[in-house]
Amino acid sequence: MSGTRQRCATCGHELAETDAQVRCPACQGLLEILHARPAVTGAALRARFDGRRVPPRGAGGGAQESGVWRFLEAVLPTAASEIVSYPEGNTPLLERPTLGRWTGLPRLLLKHEGLNPTGSFKDRGMTVAVTQARRVGARALACASTGNTGASLAAYASLAGLPALVIVPQGQVALGKLTQTIAYGARTLLVRGNFDACLDLAEQARERLELYLLNSINPFRIEGQKTIVFELLQQLDWAAPDWIVLPAGNLGNTAAFGKALAEARDWGLIADTPRLAAVQAAGAAPFAASFQEGFARRHRVEPRTVASAINIGNPASYERAVRAIRETNGVVTTVTDEEILEAKAVVDGAGVGCEPASAASVAGARRLLRDGVIGREQRVVAVLTGHLLKDPESVTRYHQQTDPRPPHANPPVEIGPTLGELERELRSRDAR
Ligand code: F0G
């Protein structure tokens, strides 16, 4: 096979790499990117990737400092000079004893994607898809979003000098995300409907108004998001963990992780394939319902969870996510909102911090240990997808709730400006 191409994952129809359609013109299926096998593989490819781990070079580093473009051969080998990069990626892999104890998994690691430039993993896909948008001559960019995709698109559109339209469900987007989207300068529409309605609308608008769509149905987004997996494998010196656990909403990331692992194996980067565990909020779990039935059919639900990022009832990347779970001998599980909020409080209290949807991966890892799916001694990487400050309201709500008082509540206390009041308060808290 020569060069990079796009292929419909449903009917196999092929398109040129620079074709700007985001769905198959023959059957409306989702497209995927096929790369040529790199000229070198195995240890030589690992060495090439490792050699690009350069320290920051000061002003204007751009793509050369990016934790996405370091994996060029696996992302978009033909993008050379016109890359739109913040830069992004290079997120830490953290080990925190508190989390090991709380989950019961002493070898748990956290891949903190919330430390990307706009505070979520979306930047990894956005650098690639906005680069591609420029290559195909797109004149305006658009997405539907539960918040993070919109914030990321708004920033990268600005970097690329292109106008952006962000369509979000009114009243269902966390404050930090909406704030970013407006501040970075995207035209922001608050739709009276849920995310699934926003995505439908974005697809209709794409056709009618010739917008370039940057939701994760765009296959170039997937290519960038794969680098979460490449980077964590590299951080582990290419010794694969037993499990990678991630929150699942529209299923773009689950699909990306499956593709990354297939390529890492085919290209000899890793010897063993980690198993994927996709975690949904119990109130928004159509993928978990399908998994329970051996993926016999696709489910749609009316979603309802406090983790607004994954409040999605009809995930767009269903088919490619099914493949990711099947090919990695993976599992799909659910956690309740209470479990999510408790996991979040523990992640936050460990000084790490994440938004509610991200904590689903940590809560999910704990649940899978309890269910006997993950073993206590196994090496597990849980992905934290978004930053603590994305959703400040969820923090205030949790810590100030009194009836019942949540297990890790840490409410602030108001006092007068005297040492007496301060000492009284400290003593009364110690006595509690
Ligand atoms: N975690 C966070 C913080 C997210 O923002 C999202 C998705 C997910 C997990 C789930 O990833 O959709 O690939 O399964 N946010 C999208 C958005 C839907 O519009 O920002 P997924």
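Residues numbered from 1 in each chain as written. Predicted model: local features only at pLDDT ≥ 70, side-chain atom pairs only at ≥ 80, totals over all residues. Heavy atoms only, no water.

### Some details on the sheet that holds strand 5 (residues 108–112)
As summarised here, the arrangement of the six strands in space is 4-5-13-10-11-12, forming an open sheet in which the pairing is mixed. Unpaired on one side and paired on the other, strand 4 (93–94) and strand 12 (331–335) mark the two borders of the sheet. Summarising the sheet, strand 10 (residues 243–247) and strand 13 (residues 380–384) pair through three bridges and their orientation is parallel. Residue pairing for strand 13: Val245 is matched across the bridge by Ala382. (Pairing = 2+ DSSP bridges. Helix = DSSP H or I, 4+ residues; strand = E, 2+ residues; numbered from the N terminus.)

### Details of the pattern of salt bridges
For the coordinates displayed, the defined rule picks out 24 salt bridges. With a closest N to O distance of 2.8 Å, Glu223 and Lys259 form a salt bridge. On the criterion of sequence distance, the pair formed by Glu223 in helix 8 (residues 219–225) and Lys259 in helix 10 (residues 252–266) is long-range, its members being 36 residues apart. With a relative accessible area of 1%, Glu223 lands in the buried category. Members of the salt-bridge network, linked through shared partners, are Arg70, Lys111, Glu113, Arg124 and Glu231. (Salt bridge = Lys/Arg side-chain N within 4 Å of Asp/Glu carboxyl O. Buried < 20%, exposed > 50% of the residue type's maximum accessible area, 1.4 Å probe, protein only.)

### Regarding helix 7 (residues 195–209)
Compared with the 21 Å implied by 1.5 Å per residue over 15 residues, the 20 Å span of helix 7 between its first and last C-alpha is a close match. Residues Phe195, Asp196, Cys198, Leu199, Ala202, Glu203, Ala205 and Arg206 constitute the buried set of helix 7. Packing partners of the buried residues in helix 7 comprise strand 6 (141–144), strand 7 (164–169), strand 8 (187–191) and strand 9 (212–213). Its side-chain oxygen 3.1 Å from the backbone nitrogen of Asp196, Asn194 forms the N-cap of helix 7. Looking at the residues trailing helix 7, positive phi occurs at Glu210, about 55 degrees. (Expected span 1.5 Å × (residues − 1). Contact = heavy atoms within 4.5 Å. Polar contact = N/O pair within 3.5 Å; in protein donor to acceptor, adjacent residues only side chain to side chain.)

### A few points about the state of the cysteines
Within this structure, the stated rule accounts for zero disulfides. Free cysteine Cys11: the closest other cysteine sulfur is in Cys27, separated by 3.7 Å. Under the relative-accessibility criterion, Cys11 is labelled partly exposed at 41%. Among the cysteines around Cys27, which has no disulfide bond, Cys8 carries the closest sulfur, lying 3.6 Å off. (Disulfide = S-S within 2.5 Å.)

### A word on the site of the ligand
Around the ligand, 20 residues are found, and the nearest of them are Ser145, Thr146, Gly249, Asn250 and Thr385. A distance of 2.8 Å is found between an oxygen atom of the ligand and a backbone nitrogen or oxygen belonging to Thr146. Computed on the free molecule, the ligand has an accessible area of 470 Å², of which 99% lies beneath the protein chains in the complex. Broken down by secondary-structure element, the contributors of at least two residues to the shell around the ligand are helix 5 (148–160) and helix 10. Grouping the amino acids of the shell around the ligand by side-chain chemistry returns eight nonpolar, 10 polar and two charged. (Near = heavy atom within 4 Å. Areas by Shrake-Rupley, 256 points an atom, 1.4 Å probe, with all protein chains shown as cover. Nonpolar A, V, L, I, M, F, W, Y, C, P; charged D, E, K, R; others polar.)

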